[in-house]
Each structure stands twice: as C-alpha cells, then as structure tokens.
Amino acid sequence: STIWVGTGEASFSCSSFFGVGLYRIEDADTDSPKLYGPFNRDGNNNDIFSYRSIGEILVHPTDPNTIFVASASGIAGMGCEAPVGAPIRGLYRSTNAMSPNPKFSPVTISGVNDLSITDMIFEPQNPNKMVISVRGTSFEGGGIYKTNNAISPNPVFTKTLTLGANGTRVRASLSANKIGNTVTIYAATGESGTGACATYRQHGQLRVSTDSGETWSSPIGSANGFCGAQCGYDIAVAVAPDNANNVLLGGSANSICSGVLKRATNGSNFSASDVGLHADTHAIAFAPSNPSVVYTGNDGGVWRSTDGGINWTSLNKSGFNATQFMSLALHPSDPNFTIGGTQDNGTQWLRPDGTFVRADFGDGGYAQIDQNAKDSTVVTMYHTYFNAPGAVVGFARVTHTGDAQDYGWE
C-alpha cells in the first residue's frame, strides 16, 4: 500500500509549523516501508510547497498517479507568518504522482488567489465531483466551492457557500457519505456566534448539504458553539459511512461556546461525548470497514472508540510519542533531572528516579531551572503559559520540588 504525507500543519496558530512538501511511503503495510521525498516542484522546477502546510491530500480511487494537494498557510516561530516570497497557496494536482519525481500544477479557481485550502473531499465513488473549503483573508472572503469535472484538464469550480463576511477569516472542515444516490456533506465552520455566543468573533457552526454540496442548510442549532475562539486550530467533523445521521463534531476545551467532541445520531441533536478525551480536537475518522470503530486525534494524542463514539480508549501507550516539546531545561548537577514545556500538555518533569510526572498544566512554553541549585529538592523552576487571550498568559515558579504539581506553582 502507498501513503501520502503532507508536511506542515494547517492550524493557523503559532504552535503549528512550516512544511517542505509531500512524502510518499510505499510498502506501508510491511516491515520495510520505503520513504520518498520531499516532493515540492512544479513542471518548471519551482518550489511550490516549502514554508506552506498541507491542508489535505486526495488520491484518485482508481488512478494512483492522480492526486490533489491543498496548500495552506504554515506558521511558526516568534513572528508566526511565512517569509516574504513563500509559494502561492491554493489547489495543486499531479498526474504522475507515482513517478520518481512527481510534478504538481496549480488548479485555477476563479476568485481564489493565494488563499489557503483547508480541506477537500471527493464525492464517494465519484472523483470528478470535488468540494473544497477556502479560508479567506481580511480582504477576500472564503467559502465552499464545488466542481463536477475535477479530473478534466481545466476543472470549473463554483462557490456554493460564502464564508468570512465582514472581513473574518473562516476555516471549514468537511466530511461526506453516499447512500444510494444521496450524497450528504457536513461542513464544520468557524462562523461567528449567535445567542449566548454572539460576543465571540468565531465559535463554530455546522451546516449540512444533501445534494452533494450544491446547496447548504442554515446552521444546525444544537451544534452551535464547539470551537470557541480557536476555530482556526480546533475543528473536525466526521459522518459515518453507513448512516448520514451519525455525526461526530470536534472542537476545543469544554466551555459555553466550545466542546471537545459532540455526537448526534439523528443529524441534528448534538450532545457531549468526550469522557476521557483531551481537549483540542483536530481529526475524527470512522473506519471504512466497521463504522462502529472511530478514531480521534487531539492535542493529547490518539483515542479509539468501538461503539461509534460513545466511549473512548487511549492509544497513547508505550512506543507512541505524541507530545510536542517547546523547550527543555536541565538541572545543573543531576543529568536525570529535566523539565520541558509542551504544547497543551503542561510542563513535564523527568525526576531523578527516571519517572515522568506532569509538573504543571496548560500550554507550557519555555521552561527554566535555576543553575545555582545545590540539590534536587530545593530547586527554583519556571513554567511559562501561552493560552488564548483572556485566559492564562505569563509564567509561574516553584522553589521546592514538593510544589511541582498542577496548581502548586506561584
């Protein structure tokens, strides 16, 4: 089997990162997989993917040489934004993807110029029909676009839903199923709030199309508010392949206008189904071979459900490492005493006895240990927080390891 992997993370927060292109993994289901890439060139040998992220990759179901790649912003570091002169964002296609050096060509979409493509889907069993989501800018509104001739040399896209009115930049995530001749598509969007969430610039809404993306419903009321102020970072939706009414919707930490994961069995009445899950959902996928099996990925790693998303089991076992460290600090005299700030998993402390413990909570950034510490007990350590505006931003410290636990920091 062959797997395509895009580098960079299209999450539009400073904890995401730039990419260098695509990699192809062949013999992925064997003990000796082969990695090729990065691939990032057009027909004129211009670099088209570096400093960008990959929003999605679609492979033609019967022709592995034809793939579509969604290029989006990749941001990282103190300045966040990509450097001046970074390649143009948009939709790219290759017709020789399995060759030693595949080339990619831009696909022209009227009204879309250097805008991030955050997601895209084929209509199940029909790769000619494609739906994509475009994240606008402060000057250009984005939206959802559809084409009925994606495989032709010059596909024609039409905008079927406008997103991003009044200068807001709205991200969307898509999921589809097809039962008989009915194609149902759900679009989780970062649209502005209503009701109790009206003060949020973006908080998340869910729309549905039952005609393959030609028209869209009004926002579904009970799904209102799932990604809070972090819709550019936490947004995911998945519909079961065998039932268009079974839907899972993921967002950020539970609050008035956000929720880690919500579930509906009738397509409209959503309620929380997130016991044991970490906050900040990025991906949800039903197993094609068994719709009762669902996987979700978030800032804490990967979880699995065997009952359609009711109960969850962590897959973050020994040998699987998902925690992203932002910094490390080492004790001046004990090499087994280390702390490190991690993305949304607090500050982790490797103690002298070789065991790890979470010393503090939140988005841990830079961590420091006093280099004048005389022993491994009376030690001054610093943890920095970088959460959403209005939440925890700043730093804390302890002067004794006995206080190095959640909420024990000054």
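About the criteria used
- Residues numbered from 1 in each chain as written.
- Predicted model: local features only at pLDDT ≥ 70, side-chain atom pairs only at ≥ 80, totals over all residues.
- Heavy atoms only, no water.
- Helix = DSSP H or I, 4+ residues; strand = E, 2+ residues; numbered from the N terminus.
- Buried < 20%, exposed > 50% of the residue type's maximum accessible area, 1.4 Å probe, protein only.
- Areas by Shrake-Rupley, 256 points an atom, 1.4 Å probe, with all protein chains shown as cover.
- Salt bridge = Lys/Arg side-chain N within 4 Å of Asp/Glu carboxyl O.
- Pairing = 2+ DSSP bridges.

A word on the overall build of the protein
Broken down by element type, the protein carries zero helices and 29 strands. Within the protein, the proportion of its 410 residues that are buried is 50%. Of the roughly 18700 Å² of accessible surface on the protein, a fraction of 50% belongs to carbon and sulfur atoms.

Observations concerning the pattern of salt bridges
On inspection of all chains with the given rule, the structure shows eight salt bridges. Of the charged contacts, one joins Glu123 and Lys178 as a salt bridge, the two residues approaching to 3.1 Å between their closest N and O atoms. A residue pair is termed long-range when its members are at least 10 positions apart, and Glu123 in strand 8 (residues 116–123) and Lys178 in strand 12 (residues 172–179) qualify at 55 residues. One network of salt bridges, in which partners are shared, links Arg52, Arg89 and Asp114.

As for the sheet that holds strand 19 (residues 281–287)
Overall, antiparallel pairing links the four strands, which are arranged 19-20-21-22 in an open sheet. Among the strands making up the open sheet, the edge pair consists of strand 19 and strand 22 (313–314). Two elements, strand 21 (residues 301–305) and strand 22, share two bridges in a ladder whose sense is antiparallel. Bridging across to strand 22, Trp303 finds its partner in Ser314.

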